[in-house]
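Spelled out from the first residue to the last, the chains are:
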Amino acid sequence: RFHFLEPFPEKSFPRFVFFIHYEGLIPNPDLANCQEFSLSVATHAADRDVCSPAVSLISKALCWAQHVLSGVPNCFQAQLKLSLRFLYRMNTQIFVLAIAGSCLCATSLLGVDKFKPGWFDDVSDQRLPEILRVVTFGTLEADFGDLDNDGDPDIVLANDGKEPLVVLWNDNGWFLEKKLINLPGRVSADVDFGDVDNDGDLDLVVGMADFFGAQNRLFLNNGDRTFTDVTDTNMPRYVDNTRDTDFVDVDHDGDLDIVVGNVVIMTTNEKWQNMVYINDGTGVFTDETLTAEGEAYRFPVDKSSTRSMLPMDVDTDGYIDFVLANRFDSPLWGQGYDGPKDKVWINDGNGFFTDESFRLPDEENSGRDVNKGDIDGDGDEDLIVGNAIGSTELYSGGGQQNRVLINDGNGYFTDETLTAEGERYRFPVLENLTKSVDLVDIDLDGDLDVLTANSRGENGFLAPQPGQQNRIYINDGSGFFNEESVVSADQRLRFPARFDNCYDLDLADVDGDGDLDVFLGIREETCRLLINRTLDELGF
């Protein structure tokens, strides 16, 4: 039995979209004997995803659809173009046919369930304060955290501009009240939350980005939507050019320490070193990175351009290790630059780390972010690495392939992104300037999907390139991903079709409905709030 369901609205999707639900045996093969058009099949998936029964079934469905659509003027012409995108598991039997213009362009979404989430609705104009709809700053980092202990996630924005740190308070999924936290610098690049003074609320550590160097800041939460800057009394007095800050219990003593990922300070051509600040148990921190002579102490001596430090128990010994995403930067920017290879630092159990980067593939990427999760469902944590080309021309290229690194179960990783011939294997062949990447179950089907925030290229700051589409990659259940963001440059699928200069994305259940929503931190443009919906909720 085939069921003809409702069309999509013209404004959101191609001109007509139909759901055809197939149940039971393949219908009468005579349906396939229509000679009014030729069938051209182009597959965008690896051979493993395509099987002739599925092609046959879809062909019959299309022939059946022709009879249903016979009253639609100019629906078919001499050629029917069918683009098979096997985006879900092959044992499902639901198809979406997108009809546009004067021919039928069909995209098959095998496994679509209109009652499952994973389809995003842009509610920025309704749910964000007006200030975010006027470009007054560029957001470099956006993080969710329940700062006022009312049970819902608030948003903190680390910005480049005259409002470097902003809190948006959540009121039942609406963020119309803003609080500005004063900072001595103009550029904050990262923020993290943790209860460092053990008073039951979340405090803030802020990483300051400044090519001339700046002091990172620590704010204690007063519990009444105000914060106290205790940097001068509670933090080491250092000038850094920071891109990542994290609260982590490095020394396994039950309190939160701080790790800092740094890039070079331009004025001195030095100070690439990543840092670790140890908590004394009361929220006062001491630098224990290196010895007084500049030799390795808790951290290895390092001169990478670190954009992300991922806390992760790599060797499954119960202690937090780190995976470092390191961007390409010119060696001219600093003496002794280590290069663009990502790294692994292993904890000895007492908070002292050694470089064991041999656990990663020997590749030179330009890492901007890294995240962890069980991609292939075998019980260990794998890695997804977001890359963006960097150079002295500052993103003159179009982008770089993001990477899927599979864990062998012992903390050694193999790149299974593409085949040896450079064709897709676990991940589509697609180059982007990715600034942020997350592994989450966006459609609540029990496996981890990938979301990326993508930016634009710039050629020496003088010739900005167009922004890039942010993307969703859906896991087929066995660790193989298909890109399902948009149908085309101006036709949405799971994500709105937009070309943004996006620097970060974060996820939380903003509206309390049990699925994860998305906030996009966008530089020099308007930030966006995307609510996770089902197709049924969207009226399809």
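Quantities reported herein were computed from a predicted structural model and do not represent experimental measurements.

Before going further, it helps to examine the overall build of the chain. Of the regular secondary structure elements, the chain holds three helices and 40 strands. In the chain, which comprises 540 residues, the proportion classed as buried is 57%. A sequence separation of at least 24 residues applies to 55% of the contacts in the chain between residues at least 6 apart. As displayed, the chain offers around 21,400 Å² of accessible surface, 49% of which is attributable to carbon and sulfur atoms.

Further remarks concern the pattern of salt bridges. Tallied over the entire structure, the rule returns 17 salt bridges. For R523, the salt bridge identified is with D160, shortest N-O distance 2.3 Å. Of this pair, R523 sits in the loop between β39 (517-522) and β40 (528-534) while D160 sits in strand β9 (residues 154-161), and the two are 363 residues apart along the sequence. A salt bridge links D362 to K341; the shortest N-O distance between them is 2.5 Å. Residue D362 is located in the loop between β23 (353-355) and β24 (367-373), and its partner K341 is located in the loop between β21 (321-326) and β22 (343-347); the two are separated by 21 residues in the primary sequence. Classification of D362 by relative accessible area gives exposed; the value is 65%. Among the residues examined, K341 registers a relative accessible area of 32% and is labelled partly exposed. Among the ionic contacts, a cluster of salt bridges with common partners joins D148, E177 and R225.

Before going further, it helps to examine the sheet that holds strand β30 (residues 434-440). One open sheet accounts for four strands, arranged β30-β31-β34-β35; its pairing is antiparallel. Each of the sheet's edge strands pairs with one partner strand only, and the pair in question is β30 and β35 (481-483). Each adjacent strand pair in this sheet contributes to an overall mean axis angle of 20°, direction not counted. Pairing of β30 with strand β31 (residues 449-454) involves six bridges; the strand directions are antiparallel. Within β31, the residue paired with S436 across the bridge is A453.

Locating F427 in the fold gives a position in the loop between β28 (413-415) and β29 (431-432). Considered as a pair, F427 and V404 are 23 residues apart in the sequence and their alpha carbons are 7.1 Å apart. When near neighbours in sequence (up to four residues on either side) are disregarded, F427 contacts I384, Q401, N402, V404, T417, L418, V450, Y473 and F481.

A word on the packing of aromatic side chains. Applying the stated criterion to the full structure yields 11 aromatic pairs. Both rings, one in Y238 and one in Y277, keep their centres 6.5 Å apart while their planes meet at 5°; by these two values the pair is stacked. Placement of the pair is Y238 in the loop between α3 (231-234) and β16 (242-248) and Y277 in strand β18 (residues 275-279), with a sequence separation of 39 residues. On the accessibility criterion, Y238 (30% relative accessible area) is partly exposed. Judged by relative accessible area, which is 2%, Y277 ranks as buried. When the centroid spacing of 5.3 Å and the interplanar angle of 45° are considered together, the rings of F322 and F353 count as tilted. Residue F322 is found in strand β21, and its partner F353 is found in strand β23; the two are separated by 31 residues along the sequence. Accessibility classification places F322 together with F353 in one group, the buried group. Three or more aromatic residues link up through ring pairs in this structure, and these residues are F299, F322, W345 and F353. Here the guanidinium or amino end of R298 rests over the ring plane of F352, the centre of that ring lying 4.4 Å away.

Bringing the pairing of strand β34 (residues 471-475) into the picture now. The element β34 is extensively covered by neighbouring structure, given that five of its five residues are classed as buried. Side chains of β34 alternate between two faces, with R471, Y473 and N475 and I472 and I474 buried alike. Here β31 runs beside β34; their pairing, made up of three bridges, is antiparallel. Paired with V450 across the bridge in β34 is Y473. One ladder, built from three bridges, connects β34 with β35; its direction is antiparallel.

Calculation criteria
- Residues numbered from 1 in each chain as written.
- Predicted model: local features only at pLDDT ≥ 70, side-chain atom pairs only at ≥ 80, totals over all residues.
- Heavy atoms only, no water.
- Helix = DSSP H or I, 4+ residues; strand = E, 2+ residues; numbered from the N terminus.
- Buried < 20%, exposed > 50% of the residue type's maximum accessible area, 1.4 Å probe, protein only.
- Contact = heavy atoms within 4.5 Å.
- Areas by Shrake-Rupley, 256 points an atom, 1.4 Å probe, with all protein chains shown as cover.
- Salt bridge = Lys/Arg side-chain N within 4 Å of Asp/Glu carboxyl O.
- Pairing = 2+ DSSP bridges.
- Axes fitted to C-alpha atoms, helices over the stretch in contact; angles between N-to-C directions.
- Phe/Tyr/Trp six-rings, centres within 6.5 Å; stacked < 30°, edge-to-face > 60°.
- Lys NZ or Arg CZ within 6 Å of the ring centre and 35° of its normal.

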